[in-house]
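# Coordinate analysis (summary)
As a plain string of letters, each chain reads:
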2 protein chains.
Amino acid sequence: MPGTRLRDLSEGELLARIFPLLHGTTGPAHVHLGPGDDAAVLAAPSGAVVLTTDSMVRERDWRDDWSSGHEVGRKVVAQNLADIAAMGAVPTGLLIALAADPRTEVEWAVELTAGIAQAARAAGTPVLGGDLSSAGPGTIFVAITAVGDLAGRPPVRRDGARPGDVVAVAGTLGRSGGGLQLLLAGRGRTHLDPRPDAGASPLERAVDELCRVHRTAGEPPFAEGPRAADAGATAMIDVSDGLVRDLGRLARASGLRVELSGRALAAEAAGALTDALGADEALRQVLSGGEEHSLVATFPPGGVPAGWRVLGACVVGEPGVLVDGVEPDVLGWDHFRP
Amino acid sequence: MPGTRLRDLSEGELLARIFPLLHGTTGPAHVHLGPGDDAAVLAAPSGAVVLTTDSMVRERDWRDDWSSGHEVGRKVVAQNLADIAAMGAVPTGLLIALAADPRTEVEWAVELTAGIAQAARAAGTPVLGGDLSSAGPGTIFVAITAVGDLAGRPPVRRDGARPGDVVAVAGTLGRSGGGLQLLLAGRGRTHLDPRPDAGASPLERAVDELCRVHRTAGEPPFAEGPRAADAGATAMIDVSDGLVRDLGRLARASGLRVELSGRALAAEAAGALTDALGADEALRQVLSGGEEHSLVATFPPGGVPAGWRVLGACVVGEPGVLVDGVEPDVLGWDHFRP
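For clarity, every value in this text was computed on a predicted model and none was experimentally measured.

Below, the discussion takes up the overall build of chain A. Scanning chain A from N- to C-terminus turns up ten helices and twelve strands. Scaling as 2.2 N^0.38, a compact globule of 338 residues should have a C-alpha radius of gyration of about 20 Å, and chain A matches this with 20 Å. Counting only C-alpha atoms and orienting by the principal axes, one finds that chain A spans roughly 60 × 50 × 40 Å. In chain A, which comprises 338 residues, the proportion classed as buried is 59%. Put simply, of all contacts in chain A between residues at least 6 apart along the chain, 86% involve residues at least 24 apart. Total accessible area computed for chain A in this model is approximately 12,400 Å², and 53% of it derives from carbon and sulfur atoms.

Residue-level contacts link 66 residues of chain A with 66 residues of chain B. Overall, the association of chain A and chain B removes approximately 5,400 Å² of surface from exposure, summing both partners, and the carbon and sulfur fraction of that is 57%. Our count for the contact surface shared by chain A and chain B stands at four salt bridges. Taking the shortest distance from any N to any O, the salt bridge between Arg158(B) and Asp37(A) comes out at 3.6 Å. The interface formed by chain A and chain B includes 20 residue pairs in polar contact (both at pLDDT 80 or more). Contributing elements (two or more residues each) for the side of chain A that touches chain B: α1 (11-18), β1 (31-33), β2 (40-43), β3 (48-57), β4 (90-100), β5 (127-134), β6 (140-149) and β8 (235-238) of chain A. Top contributing element to the side of chain A that touches chain B by residue count: β3(A), with nine residues.

This part takes up the side chain of Arg175(B). Residue and element names in this part refer to chain B. Residue position: Arg175 is located in helix α4 (residues 175-184). Taking relative accessible area as the criterion, Arg175 reaches 18% and is therefore assigned buried. A distance of 3.0 Å separates the side chain of Arg175 from the side chain of Thr172, its partner in a polar contact. In this structure Arg175 touches Glu209, Leu210, Val213, Leu273 and Glu292, once residues within four positions along its chain are discounted.

Turning to the sheet that holds β5(A), a few remarks are in order. Reading across the sheet, the six strands line up as β5(A)-β4(A)-β6(A)-β3(A)-β2(B)-β1(B) and stay open at both edges, with mixed pairing between neighbours. The strands lining the two open edges of the sheet, one partner per strand, are β5 of chain A together with β1 (31-33) of chain B. The sheet shows a mean angle of 25° between the axes of neighbouring strands, taken without regard to direction. Relative to β6(A), β4(A) runs antiparallel, the two being bridged by ten bridges. Opposite Leu95(A), over in β6(A), you have Thr145(A) as the bridge partner. Sitting on the sheet, helix α2 (residues 69-85) of chain A is in contact with β3, β4 and β6 of chain A, with an inclination near 145° to β3(A).

Laying chain A over chain B is done by rotating through 180° and shifting 0.0 Å along the axis; what remains is an RMSD of 0.0 Å. Given the turn and translation reported, the copies of this chain are related as if by a two-fold rotation axis. By C-alpha distance to the rotation axis, the residue of chain A lying nearest is Gly47(A), at 2.5 Å. With an isologous cut-off of 70% or more, the 100% of interface residues of chain A that recur at the interface of chain B puts this contact in the isologous class.

All right, on to helix α8 (residues 262-269) of chain B then. All names here are of chain B. When α8 is considered as a whole, its buried residues turn out to be Gly262, Ala264, Leu265, Glu268 and Ala269. What you see down the axis of α8 is that its buried residues fit within an arc of 160°, all on one side. Along α8, exposed side chains directed more than 90 degrees from the buried face belong to Arg263 and Ala267. Two residues or fewer after α8 comes Gly271, characterised by a positive phi angle close to 90°.

The next point concerns the UniProt feature "binding site: Mg(2+) 1" (unreviewed entry) in chain A. All names here are of chain A. UniProt annotation of "binding site: Mg(2+) 1" (unreviewed entry) refers to Thr53, Asp54 and Asp131 when read in the numbering used here. Considering the arrangement of structural elements, one finds Thr53 in strand β3. In this structure Thr53 comes out as buried when scored by relative accessible area, which is 6%. A distance of 3.0 Å separates a polar atom in the side chain of Thr53 from the backbone oxygen of Ile144. Inspection of the secondary structure puts Asp131 in strand β5.

So, on to the UniProt feature "binding site: substrate" (unreviewed entry) in chain A. Residues and elements named next belong to chain A. The UniProt record marks Asp61, Glu291 and Trp333 with the feature "binding site: substrate" (unreviewed entry), using the residue numbering of this structure. With respect to the helices and strands, Asp61 occurs in the loop between β3 and α2. For Asp61, the residues in contact, after removing those within four places along its chain, are Ser55, Met56 and Glu291. The residue Glu291 is located in the loop between α10 (279-288) and β10 (295-299) in this model. The class of Glu291 is buried, set by a relative accessible area of 18%. Among all residues touching Glu291, those that are not within four sequence positions of it are Asp61, Lys75, Gln79, Ser176, His214, Val239 and Ser240.

Okay, unusual backbone geometry next. The backbone phi angle of Glu59(A) is positive, close to 75°, even though this residue is not glycine. Tracing the sequence through the fold places Glu59(A) in the loop between β3 and α2. In this structure, His293(B) takes a positive phi of about 60° despite not being glycine. With respect to the helices, strands and loops of the structure, His293(B) is situated in the loop between α10 (279-288) and β10 (295-299).

Next up on the list: the pattern of salt bridges. Side chains that differ in charge, positive against negative, can pair when their charged atoms come close. Taken as a whole and judged by the stated rule, the model has 42 salt bridges over all chains. The residue Arg63(A) makes a salt bridge to Asp65(A) at a minimum N-O spacing of 2.8 Å. For Arg63(A), a relative accessible area of 32% translates into the label partly exposed. For Asp65(A), a relative accessible area of 37% translates into the label partly exposed. When the shortest N-O distance is used, the salt bridge between Arg215(B) and Glu71(B) registers 3.0 Å. Placement of the pair is Arg215(B) in helix α5 (residues 202-216) and Glu71(B) in helix α2 (residues 69-85), with a sequence separation of 144 residues. The exposure classification of Arg215(B) matches that of Glu71(B), with both residues buried.

Bringing the environment of Thr298(B) into the picture now. Residues and elements named next belong to chain B. With respect to the helices, strands and loops of the structure, Thr298 is situated in strand β10. Along the primary structure Thr298 and Val310 are separated by twelve residues, whereas in three dimensions their C-alpha atoms are 9.4 Å apart. When sequence neighbours within four positions are dropped, the list of residues in contact with Thr298 reads Ala161, Asp165, Val166, Val167, Ala233, Thr234, Ala235, Leu250 and Cys314. Within polar-contact distance, the side chain of Thr298 engages the side chain of Thr234 at 2.6 Å.

This paragraph deals with the sheet that holds strand β6 (residues 140-149) of chain B. Spatially, β1(A)-β2(A)-β3(B)-β6(B)-β4(B)-β5(B) is the arrangement adopted by the six strands of the open sheet, whose pairing is mixed. The open sheet terminates on both sides in strands that have one partner only, identified here as β1 of chain A together with β5 (127-134) of chain B. The average undirected angle you get between the axes of adjacent strands in this sheet is 25°. Where strand β3 (residues 48-57) of chain B lies against β6(B), eight bridges are found, and the strand directions are antiparallel. The residue bridging Val57(B) from the neighbouring strand is Phe141(B), located in β6(B). The strands that α2(B) touches are β3, β4 (90-100) and β6 of chain B; relative to β3(B), the one it contacts most, it runs at about 145°.

Calculation rules
- Every residue gets a number counted from 1 within its own chain, in the order that chain's sequence is written.
- Starting at A for chains and at 1 for ligands, labels are handed out in the order in which the entities are written.
- For this predicted model, a pLDDT threshold of at least 70 governs which residues receive local features, and a threshold of 80 or more governs which side-chain atom pairs are given and counted, while totals over whole chains, interfaces and linings are taken from all residues.
- Derived side-chain values reflect all non-hydrogen atoms in the structure, with water molecules and hydrogen atoms excluded from consideration.
- Put simply, DSSP H or I for four residues or longer makes a helix, DSSP E for two residues or longer makes a strand, and each gets a number counted from the N terminus.
- Here the globule rule reads 2.2 Å times residues to the power 0.38, and the radius of gyration is calculated from C-alpha atoms.
- Here the term buried applies to any residue with accessible area under 20% of the maximum for its type, exposed to any over 50%, and partly exposed to those in between, with areas from a 1.4 Å probe on protein chains only.
- By definition in these notes, contact holds between two residues if any of their heavy atoms fall within 4.5 Å.
- Areas reported here follow the Shrake-Rupley algorithm with a probe of radius 1.4 Å; residue values treat only the protein chains shown as occluding.
- Put simply, buried area is the surface a 1.4 Å probe can reach on two separate parts but cannot reach once they are joined, added for both.
- Take a side-chain nitrogen of Lys or Arg and a carboxyl oxygen of Asp or Glu: if they are within 4 Å of each other, that pair is a salt bridge.
- In protein, a polar contact requires one atom able to donate a hydrogen and another able to accept it; more generally it is a pair of N or O atoms within 3.5 Å, and residues adjacent in sequence count only if both atoms are side-chain atoms.
- Between any two strands, pairing holds if DSSP finds at least two bridges.
- Lines fitted to the C-alpha atoms define the axes, with helices restricted to the stretch that makes contact. Angles between their N-to-C directions range from 0 to 180 degrees.
- When the copies are superposed, the least-squares fit draws on C-alpha atoms of residues that have pLDDT of at least 70 in both.
- Here the arc refers to the set of directions running from the helix axis out to each C-beta atom.
- UniProt positions are given in the numbering used here, feature names are shortened, and annotations may be inferred rather than shown by experiment.

Following this line, the structure appears as structure tokens:
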């Protein structure tokens with residue numbers, strides 16, 4: 001029903017459109033009671049649960065002319081699953097709170113739900129329930145709560161790094177931030193653009209990849225979180241506000257300095273990022289690009305799991321992050337500052 | 001710092017103002033890891049958790065000229081704790097997602113947090129973490145996720161009522177809805193009004209009470225949820241959208257008809273509600289007033305716990321709610337409808 005808006009349906013009619021999209025996400029054995037009652041009931045066989053919440057706001061965290069509802073749904077789930085992974089946990093459930101202008105098209109809410117369901121299904125995570133509210137003109141707010149299980153492992157905190165530990169990353173750096181720069185510069189690809197065809201140039205493919213990661217969060221390496229925990233990671237965080245900023249949090253929590261290698265960072269900037277942005281901007285995005293949702297962790301020397309790439313090391317010193325001994329000139333993201 | 005706005009502080013500075021307010025809510029023994037990391041870790045000793053989310057939106061769920069930030073904080077927590085109680089569970093933790101216009105006064109966010117903390121402390125429930133986002137002009141959105149524990153009990157669902165069961169309520173009915181009517185009519189008391197003094201008339205005290213319940217949710221009987229479960233409640237729901245509407249959900253889920261007694265409902269309408277609104281409107285609010293967050297449950301005959309008041313019974317019949325055999329002419333709340 002194109003053109004139908006939320007105000008044209010009762011809450012029950014809207015839920016009747018949305019619930020079937022969650023099919024296949026709500027029924028694993030560890031869900032004792034799924035959506036539809038006052039609350040859901042989830043098994044926590046290891047006797048503990050990991051909990052986090054992360055939100056996206058229209059016109060702040062996405063633009064409708066860049067991102068589809070489906071892409072927003074994938075991204076907001078990814079942001080939450082990355083926080084679960086960064087503790088060394090496996091996701092076990094999601095809750096959704098949606099507040100939307102009643103004039104919002106029903107089709108957009110359906111797409112959002114389909115995106116959430118796709119990301120949930122890919123992670124083997126059930127959607128346990130949610131909440132619908134109306135909001136003021138133009139406003140759409142999506143808050144997700146994610147629940148996870150540590151399977152008896154201790155959580156991998158931010159404050160456990162020790163001098164001598166190696167700093168490594170799983171997943172990419174700077175691609176989401178690079179995509180944002182391209183979109184802001186009018187060089188990006190939106191959900192409305194046609195896909196590049198098979199004959200697209202390396203530049204076109206690079207631009208497409210970066211923008212796609214910005215719009216959807218791509219496929220962050222969630223499974224590497226529990227894997228890092230099993231490998232003995234001493235501290236871990238996901239890259240949500242930029243590598244330097246997030247590693248700075250880990251450094252301050254652990255009371256040590258993180259020394260990054262300029263050469264290792266340059267290697268991270270090579271490929272699509274440099275193709276699309278040039279070397280300087282690519283490096284800047286590696287250091288400061290947010291919303292990548294890759295995982296950075298510290299490991300005892302010799303303990304870095306296969307597939308993780310070493311970026312530097314932890315040393316005794318004033319807490320902070322240096323690149324080749326110098327404080328990098330980058331800033332991450334701050335919510336309320338212009 | 002009156003006049004300071006969110007945009008004047010960094011996220012870190014704002015968190016530094018907010019975290020101390022949560023003191024005493026974040027440290028119970030069952031919290032393995034509180035706010036400040038990628039995610040929190042909460043013990044779930046019974047091997048299962050109860051999960052729910054409920055939100056409030058400025059200008060939709062509250063008006064600043066009626067309700068203070070502190071009152072909004074208390075109310076949004078109460079809404080969530082009622083859902084936990086309605087499953088027969090005890091709350092074990094809360095998460096907060098706040099999205100606000102950067103021009104929002106810091107003092108408002110501080111008050112909101114203090115109200116959340118007060119309600120959390122009263123319920124013995126820790127605040128485990130949260131998320132901050134900026135939002136468009138005038139927008140404030142508060143989503144809470146509540147976690148609970150069943151201590152090994154089966155959850156009390158909506159679909160377990162049986163013909164012959166007795167329907168009973170714990171807590172009041174219609175007061176929040178009555179307060180809303182008074183405020184809409186310009187007869188209400190807002191957070192800006194002076195309190196009635198000791199010599200206030202019964203009418204003034206009644207108006208004050210109803211409006212206070214509307215603004216804060218009052219003190220819903222959360223502890224009666226687990227008590228009802230222990231007493232053998234077959235089904236339970238909290239009154240969030242109105243007694244008839246919420247009991248209708250229970251009736252449909254259980255596949256039976258709920259017959260309410262007009263005399264019992266009239267008794268619920270007596271007192272402050274009738275003093276402030278007159279008998280007819282008082283009864284209408286008992287039937288349809290939302291946001292009361294009292295608990296209605298069904299019990300086997302003879303099984304109603306002390307303190308619960310009998311309103312009617314479950315019978316074989318087309319699912320729905322009748323009062324003295326007649327369908328009541330009331331509607332509850334629907335989010336997206338004008």
